[in-house]
Amino acid sequence: MQLGMIGLARMRANMVRGLTQGGHECVVYEVHAQAVEKLWCPSIVGASSLEDLVARRAKPLRGLVDGARGGGGSRLTMLVPLLEAGDIVSGDRVGSRPQCCSL
């Protein structure tokens, strides 16, 4: 299975490592490119933007958006217009509410 991961703070980076060790592929995006470079392996595809992540993903997209420090809400809002029918995206809790989007 391929998963899209947006935001690579410590917990999310560890999730990506575990998923790839389990045989999954991850397409990852982080504002700080060095975080993507640190994780590189054949099962990890780095994306340079949200648009690039959507273009590189398998269909349908299954993604997880980092909601740390309130950033996930805006990333999820920016990602929604790029999605297609059947895509599923979940965000970490932002404030007191989990965020999720399925088209």
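Above this text is the structure in question.
Below you will find a few notes about this structure. (Residues numbered from 1 in each chain as written. Predicted model: local features only at pLDDT ≥ 70, side-chain atom pairs only at ≥ 80, totals over all residues. Heavy atoms only, no water.)

**Brief notes about unusual backbone geometry**
Moving on, step 1. Going from Lys59 to Pro60, the amide bond is cis rather than trans, its omega being -5°.
Moving on, step 2. Along the chain, Pro60 turns up in the loop between α3 (50-56) and β4 (62-65). (Helix = DSSP H or I, 4+ residues; strand = E, 2+ residues; numbered from the N terminus.)

**Regarding helix α1 (residues 10-21)**
Moving on, step 1. Between its first and last C-alpha, α1 extends 17 Å over twelve residues, near the 16 Å set by a 1.5 Å rise per residue.
Moving on, step 2. When α1 is considered as a whole, its buried residues turn out to be Arg12, Ala13, Val16, Leu19 and Thr20. Buried residues of α1, seen end-on, are gathered within an arc of 125° and therefore sit on one face of the element. Structural note: α1 exposes Arg10, Met11 and Gln21 on the side pointing more than 90 degrees away from its buried face.
Moving on, step 3. Among the residues trailing α1, Gly23 stands out with phi positive, at a value near 100°. (Expected span 1.5 Å × (residues − 1). Buried < 20%, exposed > 50% of the residue type's maximum accessible area, 1.4 Å probe, protein only. Arc of directions from axis to C-beta.)

**Re the environment of Val36**
Moving on, step 1. Note on placement: Val36 falls in helix α2 (residues 33-39).
Moving on, step 2. The exposure class assigned to Val36 is buried, which follows from its relative accessible area of 13%.
Moving on, step 3. Sequence-wise, Val36 and Gly7 are 29 residues apart; in three dimensions their C-alpha atoms are separated by 9.5 Å.
Moving on, step 4. Excluding residues that lie within four positions of it along the chain, Val36 makes contacts with Leu8, Val28, Glu30 and Gly46. (Contact = heavy atoms within 4.5 Å.)

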